[in-house]
Amino acid sequence: SVAELEHKLLHRFSDKGTLVRAMIHKSCSMHPIRMEMDSGDWLNFDGIGNNERCEWLGDRVFGLYVAHFLYSLEPEKSEGELSKLAHALVSRTHANVLSIKLGLPEHLVSSPEYNLAGPEAVPTPSRFGDFLECCFAALFADGGDAAVRKFFDGRVAPLLEETLQSASGIPRNYRGELQEMLLRNGFVNAGFGTQLRYRDMVLDTESENN
């Protein structure tokens, strides 16, 4: 439902297509989509595209508002401290958590096949944070600063404050910590170069505990 997502984003879109495009994952962008509008009518969208471009814009919009939020909230912190906090708040891990708390994932449209992970249908959490960024892009494209500010201040900022107040709430920047450790220990001077390659791994915590 487009109307339900508009309610959560605190903005009534003048161009519904902007929001619908933000809702479409690339896995089903070529499928015909049927959406329920706020009037109760159902509209068909065929080949409307996907939200990859929205994600690109939304990443920058989200980062800007988080930066301004921290700049205003933490006047005593240095540039380095603000950078670490900002990186943690806009990280994929934290963006996923924010998206779930805001109730956004249920409005992300993706193909049933893409949701399958093993024998059971399990949505990929990394897409939740991507969708949050898409929503920021749609708000900015349709309503500019006023629309983004209303959503950010009304719904997102309180969640960011909760994260900052929780000692364990801020996700660690493992890549940044690794780079700092390597630099402190002469990684560059040792002649190994500065380009690092990363591979994300999902650990079976139950097996690890056993």
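Just above sits the structure.
Residues numbered from 1 in each chain as written. Predicted model: local features only at pLDDT ≥ 70, side-chain atom pairs only at ≥ 80, totals over all residues. Heavy atoms only, no water.

Q: Tell me about the overall build of the chain, residues and numbers included.
A: Summing up its helical and strand segments, the chain has 8 helices and 4 strands in all. Helices (α) and strands (β) of the chain occur, in sequence order from the N terminus, as α-α-β-β-α-α-α-β-β-α-α-α. Buried residues in the chain amount to 39% of all 210 residues. Of the contacts made within the chain by residues no fewer than 6 positions apart, 67% connect residues no fewer than 24 positions apart. Carbon together with sulfur atoms contributes 52% to the accessible area of the chain, which is approximately 13000 Å² in total. (Helix = DSSP H or I, 4+ residues; strand = E, 2+ residues; numbered from the N terminus. Buried < 20%, exposed > 50% of the residue type's maximum accessible area, 1.4 Å probe, protein only. Contact = heavy atoms within 4.5 Å. Areas by Shrake-Rupley, 256 points an atom, 1.4 Å probe, with all protein chains shown as cover.)

Q: Residue-level account of the pattern of salt bridges, with values.
A: Per the stated rule, a full pass over the model turns up 7 salt bridges. Across the salt bridge formed by Asp153 and Arg149, the nearest N and O atoms sit 3.2 Å from each other. With a gap of 4 residues between them, Asp153 and Arg149 both fall in helix α6 (residues 126-165), about one helical turn apart. Through salt bridges that share partners, Arg92, Asp130 and Glu133 make up one connected network. (Salt bridge = Lys/Arg side-chain N within 4 Å of Asp/Glu carboxyl O.)

Q: Please set out the nonpolar core residue by residue, giving values where relevant.
A: Grouped burial of nonpolar side chains is what soluble globular proteins tend to show. Counting residues in each nonpolar core, the largest one holds 45 residues, and the members touching the most others are Leu9, Leu70, Leu132, Phe136 and Phe152. Listed by contribution, the elements that provide at least two residues to this core are α1 (2-9), α2 (16-23), β1 (32-36), α3 (52-73), α4 (79-89), α5 (92-101) and α6. The element that contributes the greatest number of residues to this core is α6, accounting for 17 residues. The contacts of Leu132, once residues within four sequence positions are left out, are Phe62, Ala95, Leu98, Ser99, Leu102, Leu104 and Phe151. (Core = buried A, V, L, I, M, F, W, Y, C linked by side-chain atoms within 4.5 Å.)

Q: Talk me through α3; I want residue IDs and the actual numbers.
A: Given a rise of 1.5 Å per residue, 22 residues ought to cover 32 Å, and the 31 Å separating the end C-alpha atoms of α3 matches this to within 8%. Those residues of α3 lying buried are Cys54, Gly58, Val61, Phe62, Tyr65, Val66, Phe69 and Leu70. Considering only its buried residues, α3 is in contact with α2, α4, α5 and α6. (Expected span 1.5 Å × (residues − 1).)

Q: Hey, could you go over the side chain of His94 for me, with residue numbers and the actual values?
A: Summarising the element assignment, His94 is placed in helix α5. Judged by relative accessible area, which is 3%, His94 ranks as buried. A polar side-chain atom of His94 sits 2.8 Å from the main-chain carbonyl oxygen of Leu89. (Polar contact = N/O pair within 3.5 Å; in protein donor to acceptor, adjacent residues only side chain to side chain.)

Q: Account for the packing of α1 against α6, naming residues and giving values.
A: For the pair α1 and α6, interaxial distance at closest approach is 10 Å and the crossing angle is 45°. With respect to α6, the axis of α1 lies oblique. Here Leu5, Lys8 and Leu9 of α1 come into contact with α6, specifically with Phe131, Cys135, Leu139, Phe151 and Arg155. Residues belonging to the contact of α1 with α6 are distributed by class as follows: 6 nonpolar, no polar and 2 charged. (Axes fitted to C-alpha atoms, helices over the stretch in contact; angles between N-to-C directions. Parallel < 35°, antiparallel > 145°, perpendicular 65-115°, else oblique. Nonpolar A, V, L, I, M, F, W, Y, C, P; charged D, E, K, R; others polar.)

Q: How would you summarise the packing of α3 against α4 if you had to cite specific residues and measurements?
A: Closest axis-to-axis distance for the α3/α4 pair is 10 Å, and the angle between their directions is 135°. As the angle between them shows, α3 and α4 are arranged oblique. The interaxial crossing formed by α3 with α4 has right-handed handedness. Contacts between α3 and α4 involve Phe62, Val66 and Leu70 from the former and Leu82, Leu85, Ala86 and Leu89 from the latter. Along the lines of polarity and charge, the residues of the contact of α3 with α4 split into 7 nonpolar, no polar and no charged. (Left-handed = near helix turned anticlockwise from the far one by under 90°.)

Q: Can you break down the environment of Trp56 residue by residue, with the values?
A: When you line up the elements, Trp56 lands in helix α3. Relative accessible area serves as the criterion here: at 55%, Trp56 is assigned to the exposed category. A C-alpha to C-alpha distance of 7.9 Å links Trp56 and Glu133, two positions 77 residues apart in sequence.

Q: Run through the environment of Cys134, naming residues and quoting values.
A: Tracing the backbone through its elements, the reader meets Cys134 in helix α6. On the accessibility criterion, Cys134 (1% relative accessible area) is buried. Aside from chain neighbours lying at most four places away, what touches Cys134 is Ala22, Asn51, Cys54 and Glu55.

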